[in-house]
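Listed below are the residues making up each chain.
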Amino acid sequence: MIIGIDAGALCVKDKRLRVGVFTLLRSLVVGIARIRPRDTIRLCVFENIDLDVTREFSKNVEIRILPRFLFSKVQLSLSFLLDPCDVFFGTGQYVPLGAPHAIGWIYDLGFLDHPEFYPDSAGQLSTITKSVIFRSEKIITISEFVKKEIVKHFDVDPKRIHVCYPGVETMRKKFPKFYNHPDAHASSPSKRLGINYREKFSPRGSNDREFEIRPYFLFVGAFKPGKNIPFLLRAFSQAVKKGLESDLFLAGSDRWMSEDIEQSIKEKKLSKRVFVKGFVDEGILHSLYAGATATLIPSLVEGFGFPVVESYRVGTPVIGSSAGSLPEVIGEAGICLDPTDEEGFARALLDFEKKEIREKYVKKIQLQLEKFTREKFVKRVSEVIDTETKFKI
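**With respect to the sheet that holds strand S10 (residues 216–220)**
The strand order across the open sheet built from 6 strands is S12-S11-S10-S13-S14-S15, with neighbouring strands paired in parallel fashion. Where the open sheet ends on each side, the last strands, each with one partner, are strand S12 (274–278) and strand S15 (334–337). Taking the axes of each pair of neighbouring strands and ignoring which way they run, one obtains an average angle of 20° across the sheet. Pairing geometry for S10 and strand S13 (residues 295–297), over 2 bridges, is parallel.

**Observations regarding the sheet that holds strand S2 (residues 40–45)**
Read across the open sheet, the 7 strands follow the order S3-S2-S1-S4-S5-S6-S7; overall the sheet is parallel. The sheet is open, and its two borders are formed by strand S3 (61–65) and strand S7 (161–163), each paired with just one other strand. For this sheet, the mean angle separating the axes of adjacent strands, direction not counted, is 25°. Looking at chain direction, strand S4 (residues 87–90) and strand S5 (residues 102–106) are connected through 3 bridges and run parallel. When the sheet's bridge partners are listed, Gly 90 is paired in S5 with Gly 104. Contacts from helix H6 (residues 144–154) reach S5, strand S6 (138–141) and S7 within the one sheet, and its direction differs from that of S7 by about 165°.

**Things to note about the nonpolar core**
Residues Leu 10, Leu 43, Phe 89, Trp 105 and Val 381 are the most contacted members of the largest nonpolar core, which totals 48 residues. Looking at this core, the element that brings in the most residues is helix H1 (residues 21–35), giving 8 residues. The residues touching Leu 10, leaving out its near neighbours within four places in the chain, are Phe 22, Leu 25, Arg 26, Val 29, Leu 43, Ile 49, Val 53 and Phe 57. Ranked by size, the runner-up nonpolar core spans 28 residues in total, among them Leu 244, Leu 250, Val 274 and Ile 319.

**What to know about the pattern of salt bridges**
Pairs can form between side chains of opposite charge whenever their charged atoms are close. This model, assessed by the stated rule, comprises 22 salt bridges. A salt bridge links Glu 47 to Lys 13; its shortest N-O distance comes to 4.0 Å. Here Glu 47, found in the loop between S2 and helix H2 (51–54), pairs with Lys 13, found in the loop between strand S1 (2–6) and H1; they are 34 residues apart in sequence, far enough to count as distant. Take Glu 47: its relative accessible area is 25%, and that puts it in the partly exposed class. On the accessibility criterion, Lys 13 (38% relative accessible area) is partly exposed. In this structure, Glu 62 and Arg 42 form a salt bridge, with 2.8 Å as the shortest nitrogen-oxygen distance. Taken together, the residues Glu 62 in strand S3 and Arg 42 in strand S2 connect sequence positions 20 residues apart. Classification of Arg 42 as buried rests on a relative accessible area of 5%. Through salt bridges with shared partners, one network takes in Lys 13, Arg 18, Glu 47, Asp 50, Asp 52 and Arg 68.

**Section: the confidence of the model for the chain**
Considering every residue of the chain, the mean pLDDT works out to 88; 86% of them sit at 70 or more. Every residue in residues 179–188 scores below 50 in pLDDT, and together they form 22 contacts with partners more than four places removed in sequence or on other chains. In the predicted structure, residues 199–206 sits below a pLDDT of 50 and forms 9 contacts with residues beyond four places in sequence or in another chain.

**With respect to the pairing of S2**
Of all 6 residues in S2, 5 are buried; the element is thus mostly enclosed. As paired strands, S1 and S2 are joined by 5 bridges and run parallel to one another. Bridging across to S2, Asp 6 finds its partner in Cys 44. Handedness of the crossover joining S1 and S2 through H1 is recorded here as right-handed. In this structure, S2 lies alongside S3, joined through 5 bridges in parallel fashion. Its bridge partner lying in S3, Val 45 is registered against Ile 65.

**Observations concerning unusual backbone geometry**
Positive phi, normally seen in glycine, also occurs at Asn 228, with a value near 65°. Along the chain, Asn 228 falls in the loop between S10 and helix H8 (229–241). Overall, the relative accessible area of 9% leaves Asn 228 in the buried class. For Lys 269, which is not a glycine, the phi torsion comes out positive at approximately 55°. Mapping Lys 269 onto the fold places it in the loop between helix H9 (259–267) and S12.

Cut-offs and rules
Residues numbered from 1 in each chain as written. Predicted model: local features only at pLDDT ≥ 70, side-chain atom pairs only at ≥ 80, totals over all residues. Heavy atoms only, no water. Pairing = 2+ DSSP bridges. Helix = DSSP H or I, 4+ residues; strand = E, 2+ residues; numbered from the N terminus. Axes fitted to C-alpha atoms, helices over the stretch in contact; angles between N-to-C directions. Contact = heavy atoms within 4.5 Å. Core = buried A, V, L, I, M, F, W, Y, C linked by side-chain atoms within 4.5 Å. Buried < 20%, exposed > 50% of the residue type's maximum accessible area, 1.4 Å probe, protein only. Salt bridge = Lys/Arg side-chain N within 4 Å of Asp/Glu carboxyl O. pLDDT = per-residue confidence, 0-100. Right-handed = clockwise from strand over helix to strand, strands pointing away.

See the structure below:
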C-alpha cells in the first residue's frame, strides 16, 4: 500500500514555527513507517525537508518534491493522476480534488467560536474545513472536544470521525542542567536564560553560602491573542501582591508577538519578575519544563495542547484553562480554571508554591501521560487506515 501524506508542514525552516502540526506530523511519519514496514509512506512536499527533521525516517519513507506553485490545489491533484497512492492523508487540514480514499485531518475549530483571533483567515478556514469534510471518507481529529465541535457545526455523522490523541516523542537528548549557583559558567543554560537565584538558609556558624534557583512558573506557546497571556500577567500580578515568591517565564514562538504582552508587563511593573524568552531550543525548553513549579496554559482556544504533555513528560504539573480540549488533556494531573477568572488563577499560583499541594498532582502525571504515547497514536491511526467505511464520496 502507498500512503500519501501532505507533508508541507515539515518543510518549515523557521524553528519558531515547528510547533503543533509540525510536531504531530513528524511523530506520525516516524511512527507509521515503523509499524507498517511493507507500506510506502509517500511524503508530498514543495521543497527539501531539513536533515534534522528526516534523521529518524525509515527506509520506506519516500519524499516526493512537487512544484510549489498551487501545491495544495493543483500539484497534489496532478500527482494523484500521474502516480496515484492508495490512501491520502490531508494533514494540512486540506484535501485536494481527486485524493484517493482521503482521510481528512481537522485539528481545531477555534476560528468558528473566536473569529476575532483569526481576523484575516476565519472565513477561509471555515470554507476549507467544509471541503475537507465533503472530500474525505474518514476524518481524524486530535481530541474528543474537537470531534464534538465538528458534529455540532457541520452536522457530520460521528462515526466518520476518529479521535487519535497525538503522542509525545521520547527525548532526543539529555537536557542541560541548571546549576544552583549564580556564578555558574557563562555557557550554562541558567546563565543564558537569566534565571534568578536566592540564597538558601545557612546553618549558624557556617561560612559557606548556598544558593538555589529562584522558583518560577512557565508559560509555553505562541505569543498570540488566543493564548490569553495578558490575562495570565494580570493574574500573576495579583498573586505577587499577595506574596508569590516565584517568577514567570514566557517561552515559545514569538513569531506572532502580541503587543499587549510587553504593555501588560510595563503597566503591572513586572519587569523584574516576568521574563519573555521567546523561542528557545529543544534542550533548554526541556530544562525549563523540568525546573518549573508548574506549567501555565490559560488559553481561550485550544484543539489539543502539546505543552501539557511536554510538561508531564518531565514530571511537571499544569495549571490550565477549562477552554477547548484542555480539560481532557490535563486530566487529574493538573487543574483547569475559567480563563477569565484572574482571582482564581492567582489563588492557584499561590497554592502550587506549597509542595504538598503540588505533589498531589505530580503523583497523577504518569497515569495521564500513558494516554499520549507515540505508539498508541500511530497504532490508532493505522487502525483508521484499515477500517472499512460506509461513507464513500
